[in-house]
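Observations on the three-dimensional arrangement
This is what each chain is made of:
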Amino acid sequence: MKGIFTALINSFDEKGNINEQGLREIVRYNIDVSQVDGLYVNGSTGENFMLSAEEKKKVFKIVKDEAGDEVDLIAQVGALNIFEAKDLAAYVTDLGYDALSAVTPFYYKFDFEEIKDYYNSILEDVDNQMLIYSIPALTGVNMDLKQFGELFENEKITGVKFTAPDFFLLERLRHAYPEKLIFSGFDEMLLPASVYGIDGAIGSTFNVNGKRAKGILKAVHEGDLGEARKLQKESNDLITAILDNGLYQTIKELLKVKGVDAGYCRKPMKKPGDEQIESAKEIGRTLLD
Ligand SMILES: CC(=O)N[C@H](C=O)[C@@H](O)[C@H](O)[C@H](O)CO
Ligand SMILES: CC(=O)C(=O)O
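The rules behind each value
Residues numbered from 1 in each chain as written. Chains lettered and ligands numbered in written order. Predicted model: local features only at pLDDT ≥ 70, side-chain atom pairs only at ≥ 80, totals over all residues. Heavy atoms only, no water. Helix = DSSP H or I, 4+ residues; strand = E, 2+ residues; numbered from the N terminus. Expected span 1.5 Å × (residues − 1). Contact = heavy atoms within 4.5 Å. Pairing = 2+ DSSP bridges. Axes fitted to C-alpha atoms, helices over the stretch in contact; angles between N-to-C directions. Buried < 20%, exposed > 50% of the residue type's maximum accessible area, 1.4 Å probe, protein only. Arc of directions from axis to C-beta. Salt bridge = Lys/Arg side-chain N within 4 Å of Asp/Glu carboxyl O. Near = heavy atom within 4 Å. Polar contact = N/O pair within 3.5 Å; in protein donor to acceptor, adjacent residues only side chain to side chain. Areas by Shrake-Rupley, 256 points an atom, 1.4 Å probe, with all protein chains shown as cover. Nonpolar A, V, L, I, M, F, W, Y, C, P; charged D, E, K, R; others polar. UniProt positions renumbered as here; feature names shortened; annotations may be inferred.

This part takes up helix α10 (residues 225-245). Under the 1.5 Å per step criterion, the end-to-end length of α10 is 30 Å for 21 residues, consistent within 8% with the ideal 30 Å. Here the buried face of α10 lies against α8 (190-195), α9 (206-221), α11 (247-257) and α12 (274-287). In the segment just after α10, Gly246 is the residue with positive phi, at about 105°.

Written out as structure tokens, the structure reads:
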């Protein structure tokens, strides 16, 4: 498993219900047009933490049904309800997902022993591999090199989705665990992460910018830093504009311009206003290829 994985956006109708046809179109766009290497399903970008367990299953099923075996599929199953996380892990494994991922448990200030027990419990009854989903900015959970090492002692934990602007730790992890998979998580820092020898990247903006992201990885592998910097600069012009205009709403509006029924976000996320939609269209005209 390697390369560019889209953190899949979800599609809801105006009432907030999952829009199955829209979700299928998002999957197709990523596979057919962006030609990404894989999809990361029900992550932050999929608005996972606002879904019921039944809705998460529905999303997992639709995406697998649409994508089949065309690309690698990673299922984010992390949940504070450990029974739910275990049930989802079993469910997606039966569906044929290539890997699990689980966000570090958040909200309560779990200590490291508790975090370790969470991962080992999710994995105890399931025959699948797991990528730890580390995103300290959203969870408040920071782990050091030694703690990652302790988690990696479980052989089913084959890697990490590393969403932190900490290149010191990234380099130490890469050096210490050459056999583990490291996926970087900040799209705007893909180039520097690539230089440290990541296996790939998982990100929200790849829903619309997958091709450039693939180009950055390729250029770095070929040692063409000039090309990599050009593509990262173009990507960051786009990412800056997306972040300024509202991350998920803008990605959805950009997909709509491409003919994909990406729908709306679920409350409490806002519906985009007219001005926001106009700016998204302008971003599409000027910063997307
Ligand atoms: C919090 C969040 O959504 N993180 C994503 C993945 O980890 C990234 O893809 C960012 O959305 C992206 O880099 C924009 O900052
Ligand atoms: C953004 C991201 O990586 C996620 O959807 O979890």
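Before going further, it helps to examine the environment of Phe49. Structurally, Phe49 is set in the loop between β2 (38-41) and α2 (53-67). Ignoring anything within four residues of it in the chain, the contact list for Phe49 reads Ser44, Gln76, Gly78, Val103 and Phe106.

Turning our attention to the sheet that holds strand β1 (residues 3-7). Strands sit in the order β1-β2-β3-β4-β5-β6-β7-β8 around a closed barrel of eight strands; the barrel is parallel. With direction set aside, neighbouring strand axes in the sheet form an average angle of 25°. When β2 meets strand β3 (residues 72-76), the two strands line up parallel, connected through four bridges. Bridging across to β3, Gly38 finds its partner in Asp72.

Time to look at helix α7 (residues 167-176). Buried residues of α7: Leu169, Leu170, Leu173 and Arg174, and no others. Down the axis, α7 shows its buried residues gathered within 135° of arc, on one side only. For α7, the exposed residues set more than 90 degrees away from the buried face come down to Phe168 and His175. Of the surrounding elements, those touching the buried residues of α7 are α6 (145-152), β6 (157-162), β7 (181-184) and α8.

All right, on to the pattern of salt bridges then. Within the structure shown, the criterion is met by 25 salt bridges. Here Asp199 ties to Arg174 by a salt bridge, and the two come within 2.9 Å at their closest N and O atoms. Residue Asp199 is found in the loop between α8 and β8 (200-203), and its partner Arg174 is found in helix α7; the two are separated by 25 residues along the sequence. Judged by relative accessible area, which is 23%, Asp199 ranks as partly exposed. Exposure remark for Arg174: the relative accessible area of 14% places this residue in the buried category. Notably, a salt bridge pairs Lys256 with Glu253, separated by 2.9 Å at the nearest N-O pair. Here Glu253 and Lys256 lie together in helix α11, a separation of three residues that amounts to about one turn. When its relative accessible area of 26% is taken as the criterion, Lys256 is described as partly exposed. Residues joined by salt bridges that share partners form a network here, namely Glu20, Arg24, Arg28, Asp32, Asp65, Glu66 and Glu70.

Let's shift gears to the site of ligand 1. Neighbouring ligand 1 are 14 residues; Lys161, Gly185, Asp187, Glu188 and Ser204 lie closest to it. Between an oxygen atom of ligand 1 and a side-chain N or O atom of Glu188, the distance comes to 2.4 Å. Within the side chain of Tyr248, a nitrogen or oxygen atom sits 3.4 Å from an oxygen atom of ligand 1. In isolation ligand 1 offers 380 Å² of accessible surface; the protein chains occlude 91% of this area. Looking at the shell around ligand 1, the elements with two or more residues in it are β8 and α11. Split by residue class, the shell around ligand 1 holds seven nonpolar, four polar and three charged.

Lining the immediate surroundings of ligand 2 are Ala7, Tyr40, Gly43, Ser44, Thr45, Tyr133, Lys161 and Ile202. Here an oxygen atom of ligand 2 and a side-chain polar atom of Tyr133 are 2.6 Å apart. Lys161 places a polar side-chain atom, nitrogen or oxygen, 2.5 Å from an oxygen atom of ligand 2. Burial of ligand 2 by the protein chains amounts to 92% of its free accessible area of 210 Å². For the shell around ligand 2, the residue count by class is four nonpolar, three polar and one charged.

When the UniProt feature table is mapped onto this chain numbering, "active site" (unreviewed entry) sits at Tyr133 and Lys161. Look at the named residues: they lie 29 residues apart in sequence, but the longest C-alpha span between them is just 4.9 Å, so in the fold they bunch up. Positionally, Tyr133 belongs in strand β5 (residues 130-134). Under the relative-accessibility criterion, Tyr133 is labelled buried at 3%. Apart from residues lying up to four places away in sequence, Tyr133 is in contact with Tyr40, Ser44, Gln76, Ser101, Ala102, Val103, Thr104, Tyr119, Lys161 and Thr163. In this structure, Lys161 sits in strand β6. Excluding its chain neighbours within four sequence positions, the residues that come into contact with Lys161 are Tyr40, Ile132, Tyr133, Ser134, Phe183, Gly185 and Ile202.

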